[in-house]
Amino acid sequence: MSTFIRIPAMSSRIAARCVVFVLTALPLASCNPNTVLDVADPDVVRPGNLVGKSALPALRSGVFGSFQIAFSGGGDLQNGGHEGIINLGGLFSDELINAETFSDRINLDAHRVTAANGTMVALFLDLSRARAAAAAASRKYAKFDPGTAGHIEMIAIDGFVHVLFGEHYCSGVPFSTITDNEELQYGQPLSTSEIFDVAIAKFDSVIAMAQTLQDDNLASLGRVGKGRALVNLGRFAEAASAVSGVPTSFRFDIQSSTNSDRQKNGIWHYFTNSASFSVADREGGVGLPFASDDDPRIRPEDTGGPGFDGETELFVALKYPDATTPTVLADGVEARLIEAEAALRAGNASAMLATLDAIRAGINLDPLTDLGTQVGREDLLFKERAYWLYLTGHRTGDLRREVRQYGRSIASVYPAGPYFKGGVYGTDY
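Residues numbered from 1 in each chain as written. Predicted model: local features only at pLDDT ≥ 70, side-chain atom pairs only at ≥ 80, totals over all residues. Heavy atoms only, no water.

Trainee: Please clarify how the overall build of the chain should be interpreted in this entry.
Mentor: Within the chain, the regular secondary structure consists of 15 helices and 10 strands. By residue count, 55% of the 429 residues in the chain fall in the buried class. Considering only residue pairs separated by 6 or more positions, the chain has 70% of its internal contacts joining residues 24 or more positions apart. Here the chain displays about 18200 Å² of accessible surface, and carbon together with sulfur accounts for 54% of that area. (Helix = DSSP H or I, 4+ residues; strand = E, 2+ residues; numbered from the N terminus. Buried < 20%, exposed > 50% of the residue type's maximum accessible area, 1.4 Å probe, protein only. Contact = heavy atoms within 4.5 Å. Areas by Shrake-Rupley, 256 points an atom, 1.4 Å probe, with all protein chains shown as cover.)

Trainee: It is not clear to me how the nonpolar core should be interpreted in this structure. Could you clarify?
Mentor: Note on soluble globular proteins: their nonpolar side chains tend to be buried together. Within the largest apolar cluster, 100 residues are counted, with the highest numbers of intra-cluster contacts made by Phe-67, Leu-127, Ile-157, Leu-221, Leu-329 and Met-352. Sort the elements by how many residues they give to this core and helix H6 (residues 149-168) lands first, with 10 residues. Among residues more than four places away in sequence, those in contact with Phe-67 are Ala-130, Ile-157, Val-161, Leu-164, Ile-254 and Leu-329. (Core = buried A, V, L, I, M, F, W, Y, C linked by side-chain atoms within 4.5 Å.)

Trainee: Would you take a moment to explain the environment of Gly-245 for this structure?
Mentor: Relative to the helices and strands, Gly-245 is located in the loop between helix H9 (236-243) and strand S6 (251-254). A C-alpha to C-alpha distance of 9.5 Å links Gly-245 and Gly-332, two positions 87 residues apart in sequence.

Trainee: How should I be thinking about the packing of aromatic side chains in this particular structure?
Mentor: Aromatic ring pairs are defined here through the distance separating the ring centres and the angle between the ring planes. Taken as a whole and judged by the stated rule, the model has 13 aromatic pairs. The interplanar angle of 80 degrees and the centroid separation of 5.2 Å between the aromatic rings of Tyr-419 and Tyr-425 together place this pair among those described as edge-to-face. Tyr-425 gets classed as buried once you look at its relative accessible area, which sits at 10%. Joined through ring pairs, the aromatic side chains of Phe-124, Phe-165, Tyr-169 and Phe-175 make up one cluster. The ring of Trp-388 carries Arg-297 above its face, with NZ or CZ at 4.9 Å from the centroid. Over the face of the ring belonging to Tyr-406 we find Arg-345, whose NZ or CZ atom lies 4.7 Å from the ring centre. (Phe/Tyr/Trp six-rings, centres within 6.5 Å; stacked < 30°, edge-to-face > 60°. Lys NZ or Arg CZ within 6 Å of the ring centre and 35° of its normal.)

Trainee: Which parts of the structure should I look at to understand the pairing of strand S10 (residues 327-331)?
Mentor: Successive side chains on a regular strand alternate, one facing one side of the sheet and the next facing the other. For S10, the buried fraction is high: five of the five residues fall into the buried class. Relative to S10, S6 is paired through four bridges, and the arrangement is antiparallel. For Arg-251, the partnering residue across the bridge sits in S10 and is Asp-331. (Pairing = 2+ DSSP bridges.)

Trainee: Just checking my understanding: could you explain unusual backbone geometry for this structure?
Mentor: Note: most peptide bonds trans; most residues except glycine with negative phi. For Ala-275, which is not glycine, the phi dihedral falls at a positive 50 degrees. Although it is not a glycine, Arg-282 sits at a positive phi angle of roughly 55 degrees. Here Arg-282 shows up in the loop between strand S7 (277-279) and strand S8 (300-306).

Trainee: Please explain the side chain of Arg-395 as it appears in this structure.
Mentor: Among the structural elements, Arg-395 can be located in helix H14 (residues 395-404). Using a relative accessible area of 6% as the deciding quantity, one classes Arg-395 as buried. When sequence neighbours within four positions are dropped, the list of residues in contact with Arg-395 reads Ser-93, Asp-94, Glu-95, Leu-288, Phe-290, Phe-382, Ala-386 and Glu-402.

Trainee: Just to check I follow, could you spell out the confidence of the model for the chain for this structure?
Mentor: Of the residues in the chain, 87% reach a pLDDT of 70 or more, and the chain-wide mean stands at 89. Low pLDDT (under 50) marks residues 1-44, which in the prediction has 37 contacts with non-local residues, meaning those over four places away or in another chain. (pLDDT = per-residue confidence, 0-100.)

Trainee: Honestly, the environment of Glu-402 in this entry has me stumped. Any pointers?
Mentor: Among the structural elements, Glu-402 can be located in helix H14. Classification of Glu-402 as buried rests on a relative accessible area of 9%. Residues Glu-402 and Phe-382, 20 residues apart in the sequence, show an inter-C-alpha distance of 8.6 Å. Excluding residues that lie within four positions of it along the chain, Glu-402 makes contacts with Phe-382, Arg-395, Gly-407, Arg-408 and Val-413.

Trainee: Got a minute to help me understand the packing of helix H8 (residues 216-232) against H9 in this structure?
Mentor: When two helices pack together, their arrangement is given by the angle between the helix axes and the distance between those axes. At their nearest, the axes of H8 and H9 sit 8 Å apart, and the two run at 175 degrees to each other. Classified by the interaxial angle, the pair formed by H8 and H9 is roughly antiparallel. Each of Arg-223, Val-224, Lys-226, Gly-227, Leu-230 and Val-231 in H8 lies in contact with H9, whose residues at this interface are Phe-236, Glu-238, Ala-239, Ala-242 and Val-243. In terms of residue class, the contact of H8 with H9 is made up of seven nonpolar, one polar and three charged. (Axes fitted to C-alpha atoms, helices over the stretch in contact; angles between N-to-C directions. Parallel < 35°, antiparallel > 145°, perpendicular 65-115°, else oblique. Nonpolar A, V, L, I, M, F, W, Y, C, P; charged D, E, K, R; others polar.)

Trainee: Help me understand the packing of H6 against H8 in this model?
Mentor: In contact at an axis separation of 10 Å, H6 and H8 are set at 20 degrees when each is read in the N-to-C sense. It follows that H6 is roughly parallel to H8 by the angle criterion. Seen from above, H6 lies across H8 with left-handed handedness. Listed contacts from H8 to Ala-149, Ile-152, Glu-153, Ala-156, Phe-160, Val-163, Leu-164 and Glu-167 of H6 are Leu-218, Leu-221, Gly-225, Arg-228, Ala-229 and Asn-232. Its residues assigned to classes, the contact of H6 with H8 comprises nine nonpolar, two polar and three charged. (Left-handed = near helix turned anticlockwise from the far one by under 90°.)

Trainee: What exactly am I supposed to notice about the side chain of Asp-158 here?
Mentor: Positionally, Asp-158 belongs in helix H6. Other than its neighbours up to four places away in sequence, Asp-158 contacts Arg-131, Ala-134, Ala-135 and Lys-202.

Trainee: Please explain helix H3 (residues 85-92) as it appears in this structure.
Mentor: Given 3.6 residues per turn, any residue in an α-helix points the same way as the ones three and four places further on. Of all eight residues in H3, eight are buried; the element is thus mostly enclosed. Within H3, the full set of buried residues consists of Ile-85, Ile-86, Asn-87, Leu-88, Gly-89, Gly-90, Leu-91 and Phe-92.

Here it is, written out as structure tokens:
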């Protein structure tokens, strides 16, 4: 279980500089040149070494590094790249199809995942690491620098990881804790609704602390996170109230960088660098036409060639054109989408359309046409959500909500029948 306390390479380097500084301050007579560099875990910065206010920037960097890997993935990690929840959730939903030969990801795309799927095990561990690191960092901030922006960010990341677990996993997710003494305290498995309840409590803390700090940006981050969790619980009016003060211009990104391969945008990597995933187009006959719609929110581009497998036509989403392209965690557009859905659930179709048209006008898209029926309006809403939130980790949760909250049949939401790489789609939903 020691993997849960490893700090990412980014934060390890920062913290290592602090360690080196301390070592150089020791009397030279105390140094044995044969043993001074001997350490039990050369790639690990022990939590006990990161103490005091001066260590907080290193902890914060470590949390964001861990969360980036779990969220949007990373670049050429040991020559293979690393998938985040956005990549794998995109394969599981109708956002992406597989264009390479790796069996774990093919089986995910085909909805036939087994317990031996190492890719899915790694994703669960990545999300758990990010959450545990955020919780540990939050405790350090509470002790040494409470109520600051860094403290608020750590609570927010913890909250968003809970949301991602709730949207992508079945009930029964355990949330364990690494204590400051490096002991693992096993957590009880939580139901899906309990996971979202925990997230809401964390976002309430984010909002209250941000208001005290008078940081409108972090308050908006908490409001969008809370609204998202409330939507997943079917509490639509409360969700709209939570996000009502969020400006449409608000945006909170998870950054990418070319400082190291690890920090490169993993979505870009699997499109452009490895040609592994392709923008899907009506996957299984029920998915949305992401590749064939010339939509500026996705910017699909036919590369004119096959993917890594040498057969699958490769479409890339120019929404992620570079290794340094950031990934949206929460923004004001999502706030408006939450308000639009609340209006539809309240029976106010005209308010829903007005809200959707207002954000479409911001990028010069034509107004929508009212389809005149409740089912048609629901289809319109979820299509708008799918295009605005394309490859941001929302689509799998939305497909599950279509079944759970809107009474859609599984066959109308998830692909079935022959799978284009052989066999048939499985029954993992």
